[in-house]
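What follows is each chain in one-letter form.
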Amino acid sequence: MTGVPVAPRPAESPAPNPESGVTRALVARARRVFGGGTMHSWAIPDDATVVIARGEGAHVWDADGREYVDCHLGSGPLLLGHGHPGVSAAVKAQLDRGVSFHFFNPQVIEFAERVVAAVPCAEAVRFVSTGSEATFYAMRLARVATGRSKILKFEGALHGGQDYAAQSTSPGHPGALPTPIPDSDGIPAGATESVVIAAFNDLDSVRRVIERYGDDLAAVIVEPMQRALVPEPGFLAGVRDLAHAAGALLIFDEIVTGFRLAWGGAQERYGVVPDLATYGKAMAGGFPMACIVGQAEILAPLDGRRTDRSQMAWASGTLNGNPVSAAAGMAALSVLSQPGVYERLHHTGGRLRQGIEESGRRHGVPTQALGEDAVFGVRFMENSAPRQWTDLLAHDRALGLRWGMECLKRGLLVNPNEKFYVSLAHTEEDVDRTLQICDEAFAACK
Ligand SMILES: Cc1ncc(COP(=O)(O)O)c(C=O)c1O
């Protein structure tokens, strides 16, 4: 493979001692002080809950000293693995110069130039801290640009936790298009009413919704690879054409796919360039930063120098343009821009996908590793080519949870029923070990 520098192999660790009970004690403390007892809207059952104490390369160690191969990677940002030397050095250097300015700084200006040069649709950028903020502001910018209010999103697509995004991500009544089903209580009816839902990979469904709501449609937002569903040839171009014919914008949510599927993200991988895109996760090398990129004209209402407020898009944040995240992002992009990086990533992920599918079949479990090599989801179902969210209801989630927990217990860090993320730090031995654990987990589930 290539000579791309990756994080060093893990240093010696103390002998694991699961009986020490450190993890159990920490989880008990967390349950007492975290709202709802958990850190997210999902949680792993107590007997497989992990407290991560340290990460290095493609490995993490839990609070009891047990080592894991990490295929969760902080939910995607750690495309270079934990503690990549280039990223760590850039961050350490920045720590001595200052960690937060709220003003322009050389690091974020250079990073902005790099991101704008790399992303096909980007003429301008606005940095924020999280993906949820980025999708929120992208929707606002589309509303400002068009003077319209509605956003079309796809059933099963995830664009973060903000009110306009948390709609039909995982609906209790699937297929109830185009009316959104809020993913949370507490979302105002007005937010829900401004969203309409269509089915991924179904241009007729998009056409029907646009025929009905097109006059008030500001944008279509799409995850170009929706969770683990790849777009069928022509789908994304068809969505772009339908949106534009209705006078609406196309937003790609590339929080997962950006700098992961290819240097130019899903726009390069699938050959469709949107009007706006949101980036996050891998872009900033594991540090908190996301952005909205797109045509300069569409981002122009963000101009803080305007005195004429006739067209104004408000988007400020205390940590916008954070120099530490920018320094980390610059270092990460330097690695990712080297030749051979994406070939290596796809080779690693390709081996994993093929090996997991073969292992499942050997154990008599219909197993699909859906998605792309750099990020995929393991689903237990017969259909090897699901098109849309409702097709994924065939996935045996109970088995997915059991299998994921068996993987966790054997030293593979995954979030059951979610995605496998691949990094440049994963070696051939890591792939071998991962496949062995997956195989043992299948056997344990019998
Ligand atoms: C496609 C997509 N968009 C947006 C988000 C939200 O990003 P964040 O968690 O940084 O708010 C996520 C998070 O996983 C995501 O996968």
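Residues numbered from 1 in each chain as written. Predicted model: local features only at pLDDT ≥ 70, side-chain atom pairs only at ≥ 80, totals over all residues. Heavy atoms only, no water.

A. Representation of helix α6 (residues 203–213) in the model. For α6, the full list of buried residues reads Ser205, Val206, Val209 and Ile210. Projection of α6 onto a plane perpendicular to its axis shows the buried side chains occupying an angular sector of 130°, all on one side. Along α6, the residues that are exposed and aim more than 90 degrees away from the buried face are Arg208, Glu211 and Arg212. Two or three places before Asp204, at the opening of α6, Asp202 has a side-chain oxygen 3.1 Å from that residue's backbone nitrogen. (Buried < 20%, exposed > 50% of the residue type's maximum accessible area, 1.4 Å probe, protein only. Helix = DSSP H or I, 4+ residues; strand = E, 2+ residues; numbered from the N terminus. Arc of directions from axis to C-beta. Polar contact = N/O pair within 3.5 Å; in protein donor to acceptor, adjacent residues only side chain to side chain.)

B. A look at the site of the ligand. Around the ligand, the neighbouring residues are Thr130, Gly131, Ser132, Leu158, His159, Gly160, Glu223, Arg227, Asp253, Ile255, Val256 and Lys281. In this structure, Leu158 approaches the ligand through a main-chain N or O atom, which is 3.4 Å from a nitrogen atom. Interatomic distance of 2.9 Å between a side-chain N/O atom of Lys281 and an oxygen atom of the ligand. Here the ligand, which alone exposes 390 Å², has 78% of that area covered by the protein. Tallied by class, residues from the shell around the ligand come to three nonpolar, five polar and four charged. (Near = heavy atom within 4 Å. Areas by Shrake-Rupley, 256 points an atom, 1.4 Å probe, with all protein chains shown as cover. Nonpolar A, V, L, I, M, F, W, Y, C, P; charged D, E, K, R; others polar.)

C. Structural context of unusual backbone geometry. Of note, Leu73 is a non-glycine position whose phi angle comes to about 55°, a positive value. Summarising the element assignment, Leu73 is placed in the loop between β3 (67–70) and α2 (85–95). For Leu73, a relative accessible area of 0% gives the class buried. For Lys281, which is not glycine, the phi dihedral falls at a positive 35°.

D. Spatial organisation of the confidence of the model for the chain. Averaged over all residues, the pLDDT of the chain is 94; the fraction at 70 or higher stands at 96%. No element of the chain has a lower mean pLDDT than helix α1 (residues 22–33), at 94, and none a higher one than strand β8 (residues 249–253), at 99. Every residue in residues 1–13 is under pLDDT 50, and counting partners more than four places away or in other chains gives 40 contacts. (pLDDT = per-residue confidence, 0-100. Contact = heavy atoms within 4.5 Å.)

E. Seen up close, α2. Those residues of α2 lying buried are Val87, Val91 and Gln94. Axial view of α2: buried residues confined to an arc of 60°, hence all on one face.

F. A look at the sheet that holds strand β12 (residues 375–380). In spatial order, the strands read β11-β12-β14; together these three strands make up an open sheet with antiparallel pairing. Two strands close off the open sheet at either side, each with one partner strand: β11 (367–372) and β14 (419–421). Pairs of neighbouring strands in the sheet enclose a mean axial angle of 30°, with direction left out of account. Relative to β12, β11 is paired through six bridges, and the arrangement is antiparallel. Directly across from Ala369, in β12, lies its bridge partner Val378. Running over the sheet, helix α11 (residues 341–362) touches β11, β12 and β14 and is turned about 160° from β11. (Pairing = 2+ DSSP bridges. Axes fitted to C-alpha atoms, helices over the stretch in contact; angles between N-to-C directions.)

G. Representation of the sheet that holds strand β4 (residues 124–128). Pairing in this open sheet of seven strands is mixed, and the strands run β4-β10-β9-β8-β7-β5-β6 from one edge to the other. Whereas interior strands pair on both sides, the edge strands pair on one side only; in this sheet they are β4 and β6 (195–198). For this sheet, the mean angle separating the axes of adjacent strands, direction not counted, is 20°. Both β8 and strand β9 (residues 276–279) contribute to a ladder of three bridges, which runs parallel. Paired with Asp253 across the bridge in β9 is Thr278. Packing against the sheet, helix α7 (residues 235–245) makes contact with β5 (150–154), β7 (217–222) and β8, and its axis sits at approximately 145° to β8.

H. Layout of the nonpolar core. One finds Leu152, Phe154, Trp403 and Phe420 to be the most contacted residues of the largest nonpolar core, which totals 95 residues. The element contributing the most residues to this core is helix α10 (residues 323–336), with nine residues. Those residues in contact with Leu152 that sit more than four places away from it in its chain are Val196, Ala198, Val206, Val209, Ile210, Leu217, Ala219, Val220 and Ile221. Formed by 25 residues, the second largest nonpolar core is a distinct cluster that contains Ala124, Val144, Leu249 and Leu276. (Core = buried A, V, L, I, M, F, W, Y, C linked by side-chain atoms within 4.5 Å.)

I. Looking closely at the environment of Ala198. Position of Ala198 among the secondary structure elements: in strand β6. Given the relative accessible area of 0%, Ala198 is considered buried. Expressed as a C-alpha distance, the spacing of Ala198 and Glu155, which sit 43 residues apart in the sequence, is 6.1 Å. Contact partners of Ala198, with chain neighbours within four places excluded, come to Leu152, Lys153, Phe154, Glu155, Leu177, Ser205, Val206 and Val209.

J. Summary view of a nonpolar patch on the surface. A contiguous nonpolar surface patch, about 350 Å² in accessible area, is contributed by Val33, Phe34 and Met39. You can see Phe34 is positioned in the loop between α1 and β1 (52–56). Residue classification places Phe34 among the partly exposed residues on the basis of a relative accessible area of 37%. (Patch = residues over 30% accessible without salt bridge, like charges linked within 9 Å, V, L, I, M, F, W, Y side chains within 5 Å. Salt bridge = Lys/Arg side-chain N within 4 Å of Asp/Glu carboxyl O.)

K. Here's a closer look at the packing of aromatic side chains. Across all of its chains, the model carries 13 aromatic pairs by this definition. When the centroid spacing of 5.7 Å and the interplanar angle of 75° are considered together, the rings of Phe380 and Phe442 count as edge-to-face. Residue Phe380 is found in strand β12, and its partner Phe442 is found in helix α13 (residues 428–444); the two are separated by 62 residues along the sequence. Grouping residues by exposure puts Phe380 and Phe442 together as buried. (Phe/Tyr/Trp six-rings, centres within 6.5 Å; stacked < 30°, edge-to-face > 60°.)

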